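Architecture and fold: a report
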Amino acid sequence: MRLPGLPARGLRARITVLATVLVAVVSVVLLWLAWRLVGDSVAAVPELPPGTTVRVDGVEVEASVLAEYLREHARQRMLLAGAVAFFFVVVAAAILAWTFTSRVLRPLREITDTARRLSVESMGERIGTLRTRDELAELAHTFDAMLDRLQAAFDAQRHFVANASHELRTPLSVIRTELDVTLSDTAADEVELRRMAEVVREATERAERLVGSLLLLARTDGAGVAVIERVDLAAVVDTAWRAVRSEADKRGLRVEFNTAPAATTGDLALLERVAGNLLENAVRHNLDGGWIEVCTRPGDRWSTLTVRSSGQLIDPVTVSELFEPFRRAGVARTARSGAGLGLSIVRAAVRAHGGSVTAEPVVGGGLSVTVQLPSTA
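What comes next concerns the included structure. Sequence order as written defines residue numbering, which begins from 1 separately in each chain. Given that this is a predicted model, residues contribute local features only at a pLDDT of at least 70 and side-chain atom pairs are listed and counted only at 80 or more, while totals for whole chains, interfaces and linings are drawn from all residues. Excluding hydrogens and water, the side-chain values take into account all heavy atoms of the structure.

Notes on the packing of aromatic side chains
- Think of it this way: a Phe, Tyr or Trp ring, Trp meaning its six-membered ring, pairs with another when their centres are within 6.5 Å, and the plane angle makes it stacked under 30 degrees, edge-to-face over 60, tilted otherwise. The full count for this structure, using the stated rule, is two aromatic pairs.
- With 5.5 Å between their ring centres and 75° between their planes, Phe87 and Phe88 make a pair best called edge-to-face. Each of the two residues, Phe87 as well as Phe88, counts as exposed.
- Centroid distance Trp241 to Phe257: 5.3 Å. Interplanar angle 70°. Geometry classified as edge-to-face. With Trp241 in helix H6 (residues 233–250) and Phe257 in strand E4 (residues 254–259), this pair connects stretches of sequence that are 16 residues apart. When a residue's accessible area, from a 1.4 Å probe over protein chains only, is under 20% of the maximum for its type it is buried; when over 50% it is exposed; and in between it is partly exposed. Runs of H or I in DSSP of at least four residues are treated as helices and runs of E of at least two as strands, each being numbered from the N terminus.

See below:
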C-alpha cells in the first residue's frame, strides 16, 4: 500500500528540484546585480589627457575609450568567474538538498512502511517514537492514536459479532433440538406436538426480539436524530410504564413515581424506547416483592430521568460494562430474560440526543440509572 500522492522517491525528488531551482534563481539575481555594480564602478575611472594610451593586460588602450574597455573587460571576467561559481553552487545545492531531504523524510518513510504492513490481522503494528521532535513526530503520534482507536473498534466489532452469533444460535439450537426430538418420536401425540410448538414459538419470539433490538441499536448507535419534537419525559415514562405494569403487578413490585414535567427535544419513539428499556430492566431484573423508584426532574440545562430498583448485588467495578452489548445485570449470559441489549440501546439513543447516561449500584442490591437530556425549559 502506498500513501496517496507520495511515490517512493517522488517527494524527495520534487523537494530537491525545488531547492535547486530556488538556489539557481537567487544565484542568477546575484550575478546580475554584480554585473551592474561592476559596470557602475568601472565607469568612475579618472579622465586622462587626450592621446594618452594605457596598457591593460598587455593591450594598448587610448584614454578616450579606457572607461568602456575596462567596463567590458571587468564584466567578462566577472561573468566567467560567476558562471563557474554558479555551476558549483547549483550542484552543491542539489547534492545537499537530496542528502538532507533523505534524512528529513526518513520518518515519513517509516510511517509509509507501517501503513503498508497494516491489515486487519496486524493491527498491532505501530510507528513508535521517532528520533525527531517536529511535525512528523506529531503525525506519527496521531497515526498511532488513530490505529489504537481502529484496533479497539475492530476488537469491539469482533466481540459484538461473536456475542450476536451466540445469542442467535441459542434459540435456533432450541428449535432444531425440539424438532429433531419430536420428529424422531414416532409415537408423539397431539399433546407432545403442541408442547413442541410452544417451545418453538417461544424460541422464535426470542430470536425476533433479538433481531429487532440489533436493528434498533444499529439505527441509533452513531446516528443522529431524524425526528425532533418537544417531548415531556414524565409523559414518556407514563407510556412506557403501561407496557410493563401487568408484569410488575404479577411480581408484587412496589413502585413509586416522582415524575415532574421535564421537557426535552428529540425523537419521541426513541425516547419512549429509552424509558421502556429502563423500566423493563427494573422489572425483569428485580426481586419478587421488590421496589422501583422513577423520578423525572427539569433543569436549566438538563432534564433528568432516574430509574432505581432493587435486585441482586452488582460489583461497582463492572457497572460500566452493563452498557456493552449482551451484558446483563446479575444474570447469566444465556438467560432467557432478554438479549442484553437494553442498556446498549439506551446509551446509543441518549447519545444521539446529545445527552449522557450513567449507572451505579444500589446499596443492598439493585441498580440506579440516570439519563440526562438537553432541557428546553
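Further notes follow.
Examining helix H8 (residues 342–352)
- Within H8, 10 of the 11 residues are buried, which leaves it mostly tucked inside the rest of the structure.
- Along H8, the residues classified as buried are Gly342, Leu343, Ser344, Ile345, Val346, Arg347, Ala348, Ala349, Val350 and Ala352.
- Two residues or fewer after H8 comes Gly354, characterised by a positive phi angle close to 75°.

Brief notes about the packing of helix H7 (residues 268–284) against H8
- For the pair H7 and H8, interaxial distance at closest approach is 9 Å and the crossing angle is 155°. The pairing of H7 with H8 is recorded here as roughly antiparallel in orientation. For the crossing formed where H7 meets H8, the hand is left-handed. Across from Arg273, Val274, Asn277, Leu278 and Asn281 in H7, the residues of H8 making contact are Gly342, Leu343, Ile345, Val346, Ala349 and Val350.
- Gly falls in the polar group here, along with every residue not listed as nonpolar (Ala, Val, Leu, Ile, Met, Phe, Trp, Tyr, Cys, Pro) or charged (Asp, Glu, Lys, Arg). Taken together, the residues of the contact of H7 with H8 break down into seven nonpolar, three polar and one charged. Throughout, an axis means a line fitted to C-alpha atoms (over the contacting stretch in the case of helices), and angles, computed between N-to-C directions, take values from 0 to 180 degrees. In this scheme, roughly parallel covers angles under 35 degrees and roughly antiparallel covers those over 145, while 65 to 115 is roughly perpendicular and the rest are oblique. Note on convention: near helix rotated counterclockwise from far helix by under a right angle means a left-handed crossing. Clockwise means right-handed. In what follows, residue pairs with any heavy atoms lying within 4.5 Å of each other are defined as contacts.

A few points about the sheet that holds strand E7 (residues 302–309)
- Pairing between strands is defined by DSSP: at least two bridges between the two strands are required. Judged by pairing direction, the sheet is mixed, and its five strands sit side by side in the order E4-E6-E7-E9-E8 without closing on themselves. Two strands lie at the open edges of the sheet, namely E4 and strand E8 (356–361), each paired on one side alone. Strand-to-strand twist of the sheet, defined as the mean angle between neighbouring strand axes without regard to direction, takes the value 10°.
- Looking at chain direction, E7 and strand E9 (residues 367–374) are connected through eight bridges and run antiparallel. Within the sheet, the bridge partner assigned to Trp302 lies in E9 and is Pro374.
- Along the sheet, H7 makes contact with strand E6 (291–297), E7 and E9, crossing E7 at roughly 20°.
- Where H8 meets the sheet, its contacts fall on E8 and E9, and the angle it forms with E9 comes to roughly 20°.

Description of the environment of Val357
- Within the fold, Val357 resides in strand E8.
- In sequence terms Val357 and Leu305 are 52 residues apart; their C-alpha atoms lie 9.4 Å from each other.
- Excluding anything up to four places from it in sequence, Val357 contacts Phe323, Val346, Arg347, Val350, Val369, Thr370 and Val371.

Looking at the pattern of salt bridges
- What counts as a salt bridge is simple: a side-chain nitrogen of Lys or Arg found within 4 Å of a carboxyl oxygen of Asp or Glu. Applying the stated criterion to the full structure yields 11 salt bridges.
- In this structure, Arg176 engages Asp180 in a salt bridge whose closest nitrogen and oxygen atoms are separated by 3.7 Å. In this pair, Arg176 and Asp180 are both assigned in helix H4 (residues 135–184), four residues apart and thus about one turn of the helix distant.
- Residues Arg194 and Glu190 are paired through a salt bridge, measuring 3.2 Å at the closest nitrogen-oxygen approach. Separated by four residues within a single helix, Arg194 and Glu190 lie in helix H5 (residues 190–220), roughly one turn from each other. Note on accessibility: Arg194 and Glu190 belong to one class, exposed.
- Among the charged side chains, a salt-bridge network with shared partners connects Glu247, Arg273, Glu280 and Arg284.

Concerning the packing of H6 against H7
- Direction vectors running N to C along H6 and H7 enclose 30°, while the axes themselves pass 8 Å from each other. The chirality of how H6 crosses H7 is right-handed. Where H6 approaches H7, its residues Val236, Val237, Thr239, Ala240, Trp241, Val244, Glu247 and Ala248 are matched on the opposing element by Leu268, Leu271, Glu272, Ala275, Gly276, Leu279, Glu280, Val283 and Arg284.
- Partitioned by chemical class, the residues of the contact of H6 with H7 number 11 nonpolar, two polar and four charged.

Concerning the side chain of Thr296
- Residue placement: Thr296 occurs in strand E6.
- Given a relative accessible area of 1%, Thr296 falls into the buried group.
- For the purposes of these results, a polar contact is taken to be a pair of N or O atoms within 3.5 Å, where, inside protein, one atom must be able to donate a hydrogen and its partner to accept one; residues adjacent in sequence count only when each atom of the pair is a side-chain atom. Of the polar contacts made by the side chain of Thr296, one reaches the backbone oxygen of Ala260; its length is 2.7 Å.
- If sequence neighbours within four positions are ignored, Thr296 has contacts with Leu233, Ala234, Val237, Asn258, Thr259, Ala260, Ala262, Thr304 and Leu305.

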